[in-house]
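# Results of the structural survey
As a plain string of letters, each chain reads:
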Amino acid sequence: DTILSWVNFDYSYRQEQALEHVALLHVPEVLRRALQSHLHGDQLYKIPFLREMSSNYREDFLVDLFSHMQPVTFPSGFPIANKSTDGTTLYIVKYGIIKVALLNGCTIATLNPGDFFGENCLLGETTWRTHAGLLVEYFALAPVYCLSLSRAVFEQVLSEYPECVH
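First things first, this report covers the structure right here in the doc.

What counts, and where the lines are drawn
Residues numbered from 1 in each chain as written. Predicted model: local features only at pLDDT ≥ 70, side-chain atom pairs only at ≥ 80, totals over all residues. Heavy atoms only, no water. Buried < 20%, exposed > 50% of the residue type's maximum accessible area, 1.4 Å probe, protein only. Helix = DSSP H or I, 4+ residues; strand = E, 2+ residues; numbered from the N terminus. Arc of directions from axis to C-beta. Contact = heavy atoms within 4.5 Å. 1 Å grid on protein atoms, 1.4 Å probe; cavity = no way out; pocket = protein on both sides within 12 Å on 5 of 7 lines; lining within 4 Å. Points joined across faces, edges and corners; volume = space filled by probe spheres on them. Lys, Arg positive; Asp, Glu negative; His and termini not counted. Salt bridge = Lys/Arg side-chain N within 4 Å of Asp/Glu carboxyl O. Pairing = 2+ DSSP bridges.

### Details of helix 5 (residues 151-159)
Here helix 5 has its buried residues at Arg151, Phe154, Val157 and Leu158. For helix 5, the arc enclosing every buried residue in end-on projection is 130 degrees, short of the 170-degree limit, so these residues lie on one face. Within helix 5, the exposed residues directed more than 90 degrees away from the buried face are Ala152 and Ser159. Contacts from the buried residues of helix 5 go to helix 3 (48-51), helix 4 (58-68) and strand 8 (144-150).

### Observations regarding the layout of surface pockets
Its boundaries defined by the atoms lining it, the largest pocket holds a volume of some 480 Å³. The wall of the largest pocket is formed by 22 residues, among which Gln17, Glu20, Leu24, Gln36 and Ser67 lie closest to the centre. Among the elements of the structure, helix 1 (2-25), helix 2 (29-45), helix 4, strand 1 (70-74) and strand 8 are those that each provide at least two residues to the lining of the largest pocket. Top element by residues in the lining of the largest pocket is helix 1. It accounts for seven residues.

### So, the side chain of Arg151
Along the chain, Arg151 turns up in helix 5. No salt bridge is formed by the buried Arg151; its nearest oppositely charged neighbour, Glu155, is found at 4.8 Å. For Arg151, the residues in contact, after removing those within four places along its chain, are Gly87, Thr88, Cys121, Leu122, Gly124, Glu125 and Thr126.

### Quick look at the pairing of strand 5 (residues 107-111)
Pairing of strand 4 (residues 98-102) with strand 5, which is carried by four bridges, proceeds in the antiparallel orientation. Across the sheet, the residue bridging to Lys99 is Thr110, located in strand 5. Hairpin connection from strand 4 to strand 5: four residues lie between these consecutive antiparallel strands, with Gly105 at a positive phi of about 95 degrees.

Shown next, in the form of structure tokens:
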């Protein structure tokens, strides 16, 4: 029953994402970028190192990053990122609740829609750590929908904006 409910959850979010993509295809490219920036730009602004970029091309860079983000869902109880997975991905929580736990299992925080984790992985970190440097793991407490961005995609988009590199 849990697997079936997650499959339905996953399917509904993938359908929503596909509908948004199709709708954007009917908007002229110039307006599409502005629309994406208006609808989603604030999500990447929450990430300190992206918000603090001082390039004249920051807006374009963030819109391009967002357009490369991939939807991913996790069933309740599923480990999203733990000590056995390499830290290579940024996640932005769109729906659901994520438990942040130390390696001994002690819960230290929960993440809700609008929260994110893994931003340091884009900059080369390979383990899952808090801002204070503690090693942690992330688990879905309910069905979770996130947008994800891998380090490889981040670096590829960044290479198109050399003026954004400090």
